[in-house]
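Reading the structure
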Amino acid sequence: MSAPRKALPVINPARCTGCGWCVAVCGPHVLHLQVQAGHKRSVLASEAGCTGCALCAVRCPFDAIEMQRRPAGAPITGE
Ligand code: SF4
Ligand code: SF4
């Protein structure tokens, strides 16, 4: 049997301004703002907690979030 798949948000750090809109709309509160290289950016803190609802991607005013479908438990980067 194949693993269940769901779409997870992938945040483009070059486009993310750290505005926090995605954090505000995420029901399960799995997006957090983190300071990276002196800039606030959104990061997915828990893949397991993300429902794949895509509200964050829809809400982002800067088009920084892309929903990508992957097997549960697969790494978020590394392609
Ligand atoms: S809404 Fe978009 S730009 Fe704003 S913090 Fe989230 S990913 Fe970054
Ligand atoms: S897809 Fe939904 S649950 Fe997952 S991080 Fe975005 S808003 Fe939160």
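Residues numbered from 1 in each chain as written. Chains lettered and ligands numbered in written order. Predicted model: local features only at pLDDT ≥ 70, side-chain atom pairs only at ≥ 80, totals over all residues. Heavy atoms only, no water.

A short note on the side chain of Ser42
Inspection of the secondary structure assignment puts Ser42 in strand E3 (residues 39–44). Given the relative accessible area of 5%, Ser42 is considered buried. The contact partners of Ser42, leaving out residues within four places of it in the chain, are Ile11, Cys16, Cys22, Val23, Leu31, His32 and Leu33. (Helix = DSSP H or I, 4+ residues; strand = E, 2+ residues; numbered from the N terminus. Buried < 20%, exposed > 50% of the residue type's maximum accessible area, 1.4 Å probe, protein only. Contact = heavy atoms within 4.5 Å.)

With respect to the packing of aromatic side chains
Scanning the entire structure with this criterion turns up zero aromatic pairs. When the ring centre of Trp21 is taken as origin, the NZ or CZ atom of Arg59, which lies over that ring, is 3.8 Å away. (Phe/Tyr/Trp six-rings, centres within 6.5 Å; stacked < 30°, edge-to-face > 60°. Lys NZ or Arg CZ within 6 Å of the ring centre and 35° of its normal.)

As for the site of ligand 2
Neighbouring residues of ligand 2: 13 residues in total, closest Cys26, Cys50, Cys53, Ala54 and Cys56. Considering only residue class, the shell around ligand 2 consists of 11 nonpolar, two polar and no charged. (Near = heavy atom within 4 Å. Nonpolar A, V, L, I, M, F, W, Y, C, P; charged D, E, K, R; others polar.)

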